Amino acid sequence: MVLLLLCFPMPADASGKVYVWRDANGVLVFSDSPKPGAEEVNLTTRVNLMEASEPFRSQQQEKPIPFTIEITNPEQEATIRDNTGTVHITGRVLPRFTRGFQVALKVNGNRYGAPQTSTTFVLRDQDRGEYQLQMELLDQNGKQIALSEIITFYLHRATVISPR
């Protein structure tokens, strides 16, 4: 109620005085009784409490943190030995994976399968050789909001050389 009084000018015949001070927690206190260290508030002028009060300043919204995505496995230039050609790929989204987001995997520059809600992928029956991986983070509309660095790995598979 006191805040309403401060927002609107008082008529000149108002006999009450208002005093303001900060308590031990730094909160502004308004009263009609003076206290040592209190200042009298002039009620004929408007007071902008949002600029005067420290607790309000700390509650301002901060800018949203941009999302990042990275491939955590395999590591850069890793050699994977698997005779079935299976490669397990994992990633991480920061600050936090949000509902509705999806992750797409690119293998050698081409999308591998459909985007999914997990950062875990499995490549099956791949030929031996060098591969480049990249993950994309997509929002609810399918728009790319983050892209990982390209990771290169090498897949080794045993071969059987038949004499002819």
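Within each chain, residue numbers correspond to sequence positions counted from 1 in written order. Restriction of local features to residues with pLDDT of at least 70 applies here, the model being predicted, together with a cutoff of 80 or more for giving and counting side-chain atom pairs; totals for whole chains, interfaces and linings are based on all residues. With hydrogens and water set aside, each side-chain value is computed from the structure's full complement of heavy atoms.

Chemist: If you had to explain the pattern of salt bridges to someone new, which residues and values would you point to?
Modeler: One speaks of a salt bridge when a side-chain nitrogen belonging to Lys or Arg is within 4 Å of a carboxyl oxygen belonging to Asp or Glu. Scanning all chains against the criterion turns up three salt bridges. The salt bridge partner of Glu 70 is Arg 92, with a shortest N-O separation of 2.4 Å. Of this pair, Glu 70 sits in strand S4 (residues 68–73) while Arg 92 sits in strand S6 (residues 87–94), and the two are 22 residues apart along the sequence. Only protein chains enter the accessibility calculation, which uses a 1.4 Å probe. A residue is then buried if its area is under 20% of the maximum for its type, exposed if over 50%, and partly exposed in between. Look at Glu 70 and you get partly exposed, because its relative accessible area is 32%. For Arg 92, a relative accessible area of 40% puts it in the partly exposed group. Close ionic contact of Glu 136 with Arg 111 constitutes a salt bridge, the shortest N to O distance being 3.0 Å. On the criterion of sequence distance, the pair formed by Glu 136 in strand S10 (residues 129–138) and Arg 111 in strand S8 (residues 110–116) is long-range, its members being 25 residues apart. In this structure Glu 136 comes out as buried when scored by relative accessible area, which is 5%. Here Arg 111 falls in the partly exposed class, since its relative accessible area comes to 44%. Helix and strand definitions here come from DSSP, where helices need a minimum of 4 consecutive H or I residues and strands a minimum of 2 consecutive E residues; each element is numbered from the N-terminal end.

Chemist: Please give an account of the sheet that holds strand S1 (residues 18–22) that cites residues and values.
Modeler: At least two DSSP bridges between two strands are needed for those strands to be called paired. With respect to topology, three strands assemble into an open sheet ordered S2-S1-S3, the strand pairing being antiparallel. Where the open sheet ends on each side, the last strands, each with one partner, are strand S2 (28–31) and strand S3 (39–41). Here the strands of the sheet are splayed against their neighbours by 35° on average, with no regard to which way each runs. Helix axes are fitted only over the stretch in contact, all axes being lines through C-alpha atoms; the angle between N-to-C directions runs from 0 to 180 degrees.

Chemist: Break down the environment of Leu 137 for me, with residues and values.
Modeler: Examined against the element boundaries, Leu 137 turns out to sit in strand S10. Leu 137 gets classed as buried once you look at its relative accessible area, which sits at 0%. Contact criterion: two residues are considered in contact whenever any of their non-hydrogen atoms come within 4.5 Å of each other. With near-sequence residues (within four places) excluded, Leu 137 lies in contact with Phe 67, Ile 69, Val 93, Phe 97, Phe 101, Gln 102, Val 103, Lys 143, Gln 144, Ile 145 and Ala 146.

Chemist: Hey, could you go over the side chain of Asp 139 for me, with residue numbers and the actual values?
Modeler: Within the fold, Asp 139 resides in the loop between S10 and strand S11 (144–147). A polar side-chain atom of Asp 139 sits 2.9 Å from the main-chain amide nitrogen of Asn 141. In the analysis that follows, any N or O atom pair within 3.5 Å is treated as a polar contact, provided that within protein one partner can donate a hydrogen and the other can accept it, and provided that, for residues neighboring in sequence, both atoms belong to side chains. Of note is the side chain of Asp 139, whose polar atom sits 2.8 Å from the backbone nitrogen of Lys 143. The residues contacting Asp 139, other than those within four sequence positions of it, are Gly 100, Phe 101 and Ile 145.

Chemist: How would you explain the side chain of Gln 126 if you had to name every residue and give the values?
Modeler: For Gln 126, the location among the structural elements is in the loop between strand S9 (120–123) and S10. Those residues in contact with Gln 126 that lie beyond four places of it in its chain are Thr 84, Gly 85, Tyr 112, Tyr 131, Leu 155 and Arg 157.

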